[in-house]
Each structure stands twice: as C-alpha cells, then as structure tokens.
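# Geometric and topological summary
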Amino acid sequence: MTHSDKQLIVSALENGTVLDHIPSDRVFKALDILNLKDTGNRITIGINLTSRHLGKKGIIKISDTFFEDEELNKLALIAPNATVNIIRDFKVVEKRKLQMPAEVEGIAKCMNPKCITNHQPIRTRFTTICRGDEISLLCHYCEKITDNKGIY
Amino acid sequence: MSKSLISISDFTKEEILHVLETAREFEKDRVQNFLTGKVIGSLFFEPSTRTRLSFETAVNRLGARVIGFSDATNTSVSKGETLKDTIKMVSNYVDMIIMRHPLEGSSRYASEVASVPVVNAGDGANQHPSQTLLDLYSILQTQGRLEGLTINMVGDLKYGRTTHSLLQAMSHFNPTFIFTSPDELKMPAEYKTFLDERGIPYRETSSLEDGLNDCDILYMTRVQQERFTDPMEYEKVKDVYQLSARMLGGVRENMKILHPLPRVGEICEDVDDTPYAYYFKQAENGLYVRMAIISYLLGYR
C-alpha cells in the first residue's frame, strides 16, 4: 500500500456524512448519542486534529449513512457548533448547522439523586434551556435543573 | 389520557379558580354521595398523617371507597416490584390513584403509566399541589380575593416546596412578596428569575419584624431537619424565627397567619388565640379542596 492509498482511506468518503468541529473529548459521546456503536458501516474518527476555531477538534466520518435532522440535532447538546457535511460521489452536496432540540429523550442523566429516573428503569426526558452558551436541562419528572455536567 | 394533578402548573388559572369555587360548595355541605360505587386507590409509599387522612376522608365524604396502603413495607414493593408494575396493577382495580412517594418525579411517571387519573400527594421535595390549592383557598376565604395581595413567606425558603408552589400559583394574581429567611435558606435564584420575568415585585429580609406589619398573609414554614445533610447547619438556623402574640401589635387588621403544619417552635401557642391565627382552619380546608380536586378530575364538577 502506498502512502497516498493510506491518505485516501482516511480522508475521502464516497457517500455518507461527515460531522466536523466536535470538541475532541466528546467524540465518543457523539458516537453514543447517534447510536453508531453497532453499525456495520465504516466509521473513521479523528481526535485532536488542528482547528482554527477550537484549537483541537474531533471529526467523525460515517460511510453510507444519512441521518434525519431530528437525530442529528441531538448532537447540539454536546457539540452546538458542529457542522454536518453530506457527501455524495466524493462531493459535499449539503452543509448543515445543528439546531438545539426543544426536548431530548434517553440521552442525559438527571443530576438529582432523588429523581425517580435514577432508581427505576425509566427513559430520561428533558426540556432544553439555553442561556447564551450555557445549556441546561429541565427534568420532565423531578422538575430539577441538570447542568452540562449531566450531559457529557 | 385522563387528566391528572401532579404539579400546580398542570392547572390553568381558570381550573384553579374552578376548584376553589367547588371547594366552597363542599364547605357549605360536606355530605355528598355522588361518587357512590367508585373505588379510589390511596398509595402511600411514605408515611403521612395529615395528607393521607384528609384525602381518605374526602373520598369517604364523596361516597366512594378507599383501598391502598399507608406504608410500602407490607406490599410487593418490598419484594422489588417496580413502580410501573404496581401502578399498572392498581390501575386495573380503581377509578383514581392518590399517591405519595419519597422519590421526586414518581407521580409524573405514575400518571404516564396509569390508565386512571393520578393525584400527587407529595413526591419527595418536589410537588404537593393539593397543599398549594388549600393554601390558595385559605387566602381566598380570609381575604375575599386573590388579586393584589402582599404575601410574606417566612422560614426555609430554600428547600420548602410549599413556598415554591404557592409562589408559582399566586403569580396569576398580581401579588407582592416579602421573603423572610436566614441567609442560608434564601429563595432560590430560579424562583426570583421567574418573578422578574413576570414583573412581580418582591423584597428579601432576614428579620421577621421587618415585614410583619406590611402583609396580608404571613406564610410561616418549618425548618425541616430532614432536608439538611449537615447537622451543624440545621442547629444554626432551626430556631431562627419565633412568632409570639406580643409581636402582632401593629399588623394589618385583615392579616392572617398560615402554616402548612406541623409546627415545631416557629409559632408560639399564645398566637393560637389571636384573631390572626388561621392554620388549624387551613388544615380543615384541605378536606374541601381535596373533595373538589377528586370531583373535578373524575369529571363530576
């Protein structure tokens, strides 16, 4: 295998989705949120790549996979500035920004130790609250606010 | 899905006023029988005297029957049954579930799995909406109105769920608030933000004397030992306010003292004989308000 072959495998995607500008330490959480741990498609991830905006950034490339907006927007919780590139036939055919969903289900954990969701097998449910850059979550059940530590 | 009452914010202003109106009807005549043949589940996963007895009395006075438990230790919950399964099972038997549970959010969850209406009789430190409605009823009965009153809340404003829910409910009626608490137990920022957003005025003080003569309702609360993790912190604040009869010389004539009870030391017994004491009557009002809640949710009023 030549040097350029290696480059090709890592960087070029014939068809699929590229998620760029993810904070490096949240790449694995992003895979989690998008349920990519069990996929059969090829996934390339990059961590601690140089970025002009973030200093270091993470990137995820998933071949032959295209997401619904609703699915991708869940990422806004952990990576509000991530960009989405849709690739078809080696070309970027669409670029998207994420939008914060009003409600999230089954992602974060409620920080209240007395919340029912921490004691019984219940899917968590939150309303998102955005104040400037800060994201926090209002628990649908115990009505307490979970800050971003509960999300990452 | 059937209508439940989990949090005071589940009721609109109109629904709140409707329930209070209905409670008035039941105060005039507490012998009602229109729920004859109904069975109501009273599930108390945590001990309670006042709330459970008044709910169960309400059910009986409406002509319905009660099944349930007042302690989860003798039930299959102690065998590890999930809340979901208990609620699903009881839903099959009864027309309504009244429940108290130590975990926060448990009642909301129960209302999502139950096929019948659920009334939250307290979920940990979270919500206790029937208390809030009986507080509103007591305010309405003593002042003749809810609009434009000054409410002075005293004591543990940090952990006290009754003050938080009352604040939310009163926000429909253009109130002014005075918050009297020690520094350690001040009203949390999120509730002050809530008031700011609605342009509702409030002031904070740590002196009980300070706001005593300027209010229509003096809402006293107990500093609850069970909410403190540090016993030293509790010792510091436990006896911080003690209201006695001689402090009431300059209060407004219409002023009434409310307290969700039980009291420990914050209201001296000599206050009981003054015309301002209303807390025992307030507890009685709980019966009429709970009769009204049950009748409304079951579609009879």
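This is a predicted model, so every value here is computed, not measured.

### Section: the overall build of chain B
Each helix and strand in chain B was counted, giving 10 helices and 9 strands. In terms of overall size, chain B behaves like a compact globule, its C-alpha atoms giving a radius of gyration of 19 Å where 301 residues would be expected to give roughly 19 Å. With 301 residues in all, chain B has 57% of them scored as buried. A fraction of 73% describes how many contacts in chain B between residues 6 or more apart in sequence connect residues 24 or more apart. As displayed, chain B has an accessible area near 12,400 Å², and 46% of this comes from carbon and sulfur atoms.

### Comments concerning the nonpolar core
Residue and element names in this part refer to chain B. Formed by 56 residues in total, the largest nonpolar core has its most connected members in Leu133, Met153 and Ile294. With 8 residues, helix H10 (residues 279-297) is the single largest residue contributor to this core. In terms of domain composition, this core takes at least three residues from each of domain 1 (8-128 + 286-297) and domain 2 (129-283). If sequence neighbours within four positions are ignored, Met153 has contacts with Thr163, Leu166, Leu167, Phe177, Ile178, Phe179, Thr180, Met187 and Tyr219.

### Details of the packing of helix H1 (residues 13-28) of chain B against H10(B)
In a pair of packed helices, the angle between the axes and the distance between the axes together describe the arrangement. All names here are of chain B. Closest axis-to-axis distance for the H1/H10 pair is 8 Å, and the angle between their directions is 115°. Relative to H10, the element H1 is oriented roughly perpendicular. Along this stretch, H1 crosses H10, giving a crossing that reads as right-handed. Contacts between H1 and H10 pair Glu15, His18, Val19, Thr22, Ala23, Phe26 and Glu27 from the former with Lys281, Asn285, Tyr288, Val289, Met291, Ala292, Ile293, Ser295 and Tyr296 from the latter. Of the residues that constitute the contact of H1 with H10, the class distribution is 9 nonpolar, 4 polar and 3 charged.

### Side note on the pairing of strand S8 (residues 134-139) of chain A
Residues and elements named next belong to chain A. Here strand S7 (residues 125-131) pairs with S8 via 6 bridges, running antiparallel. What sits directly across from Ile129, in S8, is Ser136. Between the antiparallel neighbours S7 and S8 lie 2 residues, among them Gly132 with a positive phi of about 65°. Here S8 runs beside strand S9 (residues 145-146); their pairing, made up of 2 bridges, is antiparallel. Residue pairing for S9: Leu137 is matched across the bridge by Thr146.

### Topic: the side chain of B:Ser295
Mapped onto the elements of the fold, B:Ser295 is located in helix H10. Once you skip the residues sitting within four places of it in the chain, B:Ser295 turns out to touch B:Phe26, B:Phe34, B:Leu62, B:Tyr300 and B:Arg301.

### What to know about helix H7 (residues 189-197) of chain B
One full turn of an α-helix is made of 3.6 residues, so residues set three or four places apart face in the same direction. Residues and elements named next belong to chain B. When we look at burial in H7, the residues that qualify are Tyr191, Lys192, Phe194 and Leu195. End-on, the buried residues of H7 take up no more than an arc of 150°, which puts them together on one face. Exposed residues lying more than 90 degrees from the buried face of H7 are Ala189 and Glu197. Buried residues along H7 sit against helix H6 (161-170), strand S6 (176-180) and strand S7 (202-205). Residue Gly199 follows H7 closely and has a positive phi angle near 65°.

### Let's talk about the environment of A:Met100
Residues and elements named next belong to chain A. In this fold, Met100 is placed in the loop between strand S5 (91-97) and strand S6 (103-105). In sequence terms Met100 and Ile129 are 29 residues apart; their C-alpha atoms lie 9.4 Å from each other. Residue contacts for Met100: discarding those within four places in its chain leaves Ala76, Leu77, Thr128, Cys130 and Ile135.

### Regarding the domain arrangement of chain A
Residues and elements named next belong to chain A. The assigned domain composition of chain A is domain 1 (12-97) and domain 2 (103-150). If you average the C-alpha positions of domain 1 and of domain 2, the two centres end up 24 Å apart. Tallying the contact residues gives 5 residues for domain 1 and 5 residues for domain 2. At the boundary of domain 1 with domain 2, total buried surface from both sides reaches about 430 Å², with 85% on carbon and sulfur atoms. Three residues, Ile33, Lys74 and Leu77, lead the burial of domain 1 against domain 2; their summed loss comes to 83% of the area buried on that side.

### Points about the environment of B:Pro102
Its place among the elements puts B:Pro102 in the loop between strand S3 (96-101) and helix H4 (106-113). Owing to a relative accessible area of 26%, B:Pro102 belongs among the partly exposed residues under this scheme. Among all residues touching B:Pro102, those that are not within four sequence positions of it are A:Lys114, B:Phe45, B:Glu46 and B:Gly124.

### Examining the domain arrangement of chain B
How big an interface is tends to be reported as the loss of accessible area on association of its parts. Residues and elements named next belong to chain B. Here chain B is described as being made up of domain 1 (8-128 + 286-297) and domain 2 (129-283). Using C-alpha coordinates to define each centre, domain 1 is positioned 26 Å away from domain 2. Tallying the contact residues gives 27 residues for domain 1 and 25 residues for domain 2. When residues of domain 1 are sorted by the area they lose upon contact with domain 2, Ile8, Leu20 and His128 head the list and together hold 29% of the total. At the surface where domain 1 touches domain 2, the tally comes to 2 salt bridges. Ionic pairing is found between Lys13 and Glu147, a salt bridge with its closest N-O pair at 3.8 Å. For the interface between domain 1 and domain 2, the tally reads 12 residue pairs in polar contact (both at pLDDT 80 or more). Among the elements of the structure, H1, helix H2 (50-61), strand S4 (118-123) and H10 are those that each provide at least two residues to the side of domain 1 that touches domain 2.

What counts, and at which threshold
- Residues numbered from 1 in each chain as written.
- Chains lettered and ligands numbered in written order.
- Predicted model: local features only at pLDDT ≥ 70, side-chain atom pairs only at ≥ 80, totals over all residues.
- Heavy atoms only, no water.
- Helix = DSSP H or I, 4+ residues; strand = E, 2+ residues; numbered from the N terminus.
- Rg over C-alpha atoms; globule rule 2.2 N^0.38 Å.
- Buried < 20%, exposed > 50% of the residue type's maximum accessible area, 1.4 Å probe, protein only.
- Contact = heavy atoms within 4.5 Å.
- Areas by Shrake-Rupley, 256 points an atom, 1.4 Å probe, with all protein chains shown as cover.
- Core = buried A, V, L, I, M, F, W, Y, C linked by side-chain atoms within 4.5 Å.
- Domains from an automatic or database assignment.
- Axes fitted to C-alpha atoms, helices over the stretch in contact; angles between N-to-C directions.
- Parallel < 35°, antiparallel > 145°, perpendicular 65-115°, else oblique.
- Left-handed = near helix turned anticlockwise from the far one by under 90°.
- Nonpolar A, V, L, I, M, F, W, Y, C, P; charged D, E, K, R; others polar.
- Pairing = 2+ DSSP bridges.
- Arc of directions from axis to C-beta.
- Buried area = accessible area lost by both parts, 1.4 Å probe.
- Salt bridge = Lys/Arg side-chain N within 4 Å of Asp/Glu carboxyl O.
- Polar contact = N/O pair within 3.5 Å; in protein donor to acceptor, adjacent residues only side chain to side chain.

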